[in-house]
Amino acid sequence: MNLSPSSPGEVDCLVLGGGITGAGIARDLGMRGLRTALVDSHDFASGTSHLTSKLIHGGLRYLDQGKIRLAAEGVMERDRLLNRMAPNLVRPLKFIIPYEGRHFPKWLFTVVGIQSYGFVELCRSGRGSKPLLAPQLRRDYPGLLEHPFGVSYWDARTNDARLVLATLRTAHAHGAALFNYTTIEDARFEDDVWRIVLRHEGCPIHRHAMGGVSMIEAQPRAEAGGLTSSIIASPPFASQRIGHPREGFGADGRWTLRARVVVNATGPWAPDTCRLLGVEPVALLWIKGSHLLLRRPSTFGDDAIIIRSIRDHRPLWVIPWETRLIVGSTERRYHGDLREVRADRDEIDDLWSSVLHYFPRHGFTREDICGAYAGVRPIVEQAGESENRLSRKFEIITDAPRRLITVNGGKLTTFRRMAEQTVDAVERLLTRPEADAAMRRRLRSERLWPGLSSSDASQLAGALRAELNGAPATDDVLDHLVRLYGTDAREILACPERQWHQPLFDQLPYTLAELAYLCRTEQVQSLLDLIKRRTSIYFLADRAGVDQLNSIVRAVAPILGWDAARIEHEIEDVQREFAADCTALGPSASSPRLAPQTIGA
């Protein structure tokens, strides 16, 4: 794929937006052989795509609302991700629903309800829905409020940001060019072609230090066990390891691109993007979902528990995630700045008081509150529906005369389905033949990068253990690297600095060797990119990992070309971000152990 920013290039489709929707569309376009470029004005997955509840689920509540089709679509896509496309990132998760009187979804007791949610396939693996009586609830969930009985069912969880990056790396392996921190400076539709002037801005706070972006020509390679590592589009100072680097954007930071079709996949920013492109904006609702992060007790177990808000009885998830419990989410309309979405005091009080009510025996105190985060979901307008009943249905709007497609709504689970239908619309605009049955099967089942099956991963991990021969990486670190990066784990483990293979945090597998690798391969341009979206250090380590930030930033600074002033700015940015996220927890936002003290019990 030849897209040289130094001279005008042409693509079949330009995708605007680097969240899960845009990533899925870029993957689908690349797999069908269409010349593709994707740009995001901020970082990849920097919107709601890294601020979800971390669930891949069918949408159990849709059955209660009579929305059978939406639930069935979600279950089908969940099973594709869980069993075929991303078993390394999407894992089964058992949910427990305690009896809640008139609020209990009685349809769970019917065989029809269970089968319609797609339990049949999961039952083949021994993961069926089961009733739970009081003695079992007391034994298995000792911290939970007494309930006479309950029901278990299965869905799945994921690392949302890593799912986006895996999808993007798959798209790149199929020929897509990807750029973060790149804005549209001018857009004109002339002679049936979009003429787009792109400008690489660099990380917004440090644009002066970023320079341009170098293109890596996509050269997908096949190796045993799946796709190999592929650099997305690296800053000029990054190590260029594969492909053929081309000149960066012009001296003025601009690149003119021609696109036969443009897809607007910018989520809640879709109306603004429409205005930028000179078309009538779409109508969307912004629904804010806030989450509370708690320190996970050793006695909590591995199952998620569905409780109810003690205020309005809406369902709330309590989800175990590594060292944390995620409690959420709220659902409220939002009208503020999309780059400054934060949980507010009232939302935190609601989540916290509900947890205290349902888990009196866990002995939660305010010191167990580790942080909070919030994201905005773009919801297609649905007349007469309350916030709690708004569905995550999606719509694809095609402006054929201007060769513009806008994708609205949807959710993390159904991104692949949205992508397939969107690219069908792209092909119609390009008057290309529809994808045949063989391509459809590939689109619906081909594994995301790094392309390893569970058995492949086990074999690779075993081989690497033999190769290490006393190297300092722990089994947990090795398994983590193989699961996320496949054959690239060998490159990470080859780092000669032995201390770089030691975990940076207790109970977490992150090492300096992994962080250095990510800086070389995934277009990291800020410390927040690295610890909040390429990894989950920001959420899982105490105080957003501030105790290790100096070690991290000094290790990656030579790779990213940062000087002492830039290092200081990066650490300050993380501290500001964490303080803003923790504002609702109390006045001492920099210390979550102190911040929650003003929250009422």
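Only a predicted model underlies this, so the values are computations on that prediction, with no experimental measurement involved.

What counts and what doesn't
- Residues numbered from 1 in each chain as written.
- Predicted model: local features only at pLDDT ≥ 70, side-chain atom pairs only at ≥ 80, totals over all residues.
- Heavy atoms only, no water.
- Core = buried A, V, L, I, M, F, W, Y, C linked by side-chain atoms within 4.5 Å.
- Buried < 20%, exposed > 50% of the residue type's maximum accessible area, 1.4 Å probe, protein only.
- Helix = DSSP H or I, 4+ residues; strand = E, 2+ residues; numbered from the N terminus.
- Contact = heavy atoms within 4.5 Å.
- Phe/Tyr/Trp six-rings, centres within 6.5 Å; stacked < 30°, edge-to-face > 60°.
- Lys NZ or Arg CZ within 6 Å of the ring centre and 35° of its normal.
- Pairing = 2+ DSSP bridges.
- Disulfide = S-S within 2.5 Å.
- Salt bridge = Lys/Arg side-chain N within 4 Å of Asp/Glu carboxyl O.
- Axes fitted to C-alpha atoms, helices over the stretch in contact; angles between N-to-C directions.
- Parallel < 35°, antiparallel > 145°, perpendicular 65-115°, else oblique.
- Left-handed = near helix turned anticlockwise from the far one by under 90°.
- Nonpolar A, V, L, I, M, F, W, Y, C, P; charged D, E, K, R; others polar.
- pLDDT = per-residue confidence, 0-100.

J.: Hey, could you run me through the nonpolar core in this one?
T.: For soluble globular proteins, nonpolar side chains are generally found buried alongside one another. Phe359, Leu527, Leu530 and Ile552 are the most contacted members of the largest nonpolar core, which has 138 residues in total. The element contributing the most residues to this core is helix 19 (residues 549–560), with eight residues. When neighbours within four sequence positions are excluded, Leu530 is seen to be in contact with Leu515, Leu518, Cys519, Val524, Thr535, Ile552 and Val556. Core analysis: the second largest hydrophobic core is formed by 24 residues, Val11, Ile184, Trp255 and Leu404 among them.

J.: Looking at this structure, I do not really get the packing of aromatic side chains. What am I missing?
T.: The description of an aromatic ring pair uses the distance of the two centres, along with the angle that the planes make with each other. All chains considered together, the criterion is met by twelve aromatic pairs. When the centroid spacing of 5.3 Å and the interplanar angle of 50 degrees are considered together, the rings of Phe189 and Trp194 count as tilted. Trp194 sits in the buried class, given a relative accessible area of 0%. Consider the rings of Tyr538 and Phe539, whose centres lie 5.2 Å apart with planes at 80 degrees: the pair is edge-to-face. Every member of this aromatic cluster is reached through a ring pair, and the members are Trp321, Tyr373, Tyr538, Phe539 and Phe578. Looking at Lys54, its charged tip hangs above the ring of Phe539, at a distance of 5.1 Å from the centre. Here the guanidinium or amino end of Arg169 rests over the ring plane of Trp449, the centre of that ring lying 3.8 Å away.

J.: Looking at this model, I keep getting lost on the pairing of strand 19 (residues 394–399). Mind explaining?
T.: Along any regular strand the residues' side chains alternate between the sheet's two faces. The pairing of strand 19 with strand 20 (residues 404–409) spans six bridges and is antiparallel. By the bridge assignment, Ile397 is partnered in strand 20 with Thr406. Here strand 19 folds back onto strand 20, and the loop between the two strands holds four residues, one of which, Arg403, carries a positive phi near 50 degrees.

J.: What am I meant to see in the state of the cysteines here?
T.: This structure, assessed with the given rule, holds zero disulfides. For the unlinked cysteine Cys370, the closest cysteine sulfur is that of Cys582, found at 9.3 Å. On the basis of relative accessibility, which here comes to 8%, the residue Cys370 falls in the buried class.

J.: Can you walk me through the pattern of salt bridges in this structure?
T.: Opposite charge on two side chains permits them to pair, given that their charged atoms come into close proximity. Taken as a whole and judged by the stated rule, the model has 59 salt bridges. Glu331 serves as the salt-bridge partner of Arg377, at 3.8 Å between the closest nitrogen and oxygen. Here Arg377 is found in strand 18 (residues 369–380), whereas its partner Glu331 is found in the loop between strand 16 (324–328) and strand 17 (332–333), with 46 residues between them in sequence. Across the pair, exposure class does not vary: Arg377 and Glu331 are buried alike. A cluster of three or more residues bridged by salt bridges with shared partners is formed by Asp28, Arg32, Glu77, Arg80, Arg416, Glu420, Asp424, Glu427, Arg432, Arg440 and Arg444.

J.: Just checking my understanding: could you explain unusual backbone geometry for this structure?
T.: For residues other than glycine, phi is negative in most cases, and the peptide bonds are mostly trans. In this structure, Ser329 follows Gly328 across a cis peptide bond, with omega equal to 0 degrees. Its location among the elements puts Ser329 in the loop between strand 16 and strand 17. A cis amide bond links Trp449 with the next residue in sequence, Pro450, at an omega value of 10 degrees. Relative to the helices and strands, Pro450 resides in the loop between helix 12 (437–445) and helix 13 (454–468). Look at Ala45: it is not a glycine, yet its phi comes out positive at around 60 degrees. Assignment of secondary structure puts Ala45 in the loop between strand 2 (36–39) and strand 3 (55–56). One non-glycine residue, Asp191, lies in the positive phi region at around 55 degrees. Examined against the element boundaries, Asp191 turns out to sit in the loop between strand 8 (182–190) and strand 9 (193–200).

J.: Help me out: how do you make sense of the packing of helix 19 against helix 20 (residues 564–581) in this one?
T.: The packing of two helices is summarised by the inter-axis angle and the distance between the axes. Running from N to C, helix 19 and helix 20 point in directions that differ by 135 degrees, and their axes come no closer than 10 Å. When the axes of helix 19 and helix 20 are compared, the pair comes out oblique. For the pair helix 19 and helix 20, the sense of crossing is right-handed. Mapping the contact onto sequence places Leu549, Asn550, Val553 and Ala557 in helix 19 and Ile567, Glu570, Ile571 and Val574 in helix 20. Class assignment of the residues belonging to the contact of helix 19 with helix 20 gives a composition of six nonpolar, one polar and one charged.

J.: It is not clear to me how the confidence of the model for the protein should be interpreted in this structure. Could you clarify?
T.: Any residue range with low pLDDT should be treated as having predicted coordinates unsuitable for detailed reading. Confidence in the prediction for the protein averages 84 pLDDT; 81% of positions are at 70 or higher. Below pLDDT 50 for its whole length, residues 1–7 participates in 31 contacts with residues either more than four positions away or in separate chains. Counted against residues more than four places away or in other chains, residues 205–247, with its pLDDT under 50, gives 130 contacts.

J.: Just checking my understanding: could you explain the side chain of Thr406 for this structure?
T.: Looking at where Thr406 falls in the secondary structure, it is placed in strand 20. A residue is classified by how much of its surface remains accessible, and Thr406, at 4% relative accessible area, is buried.

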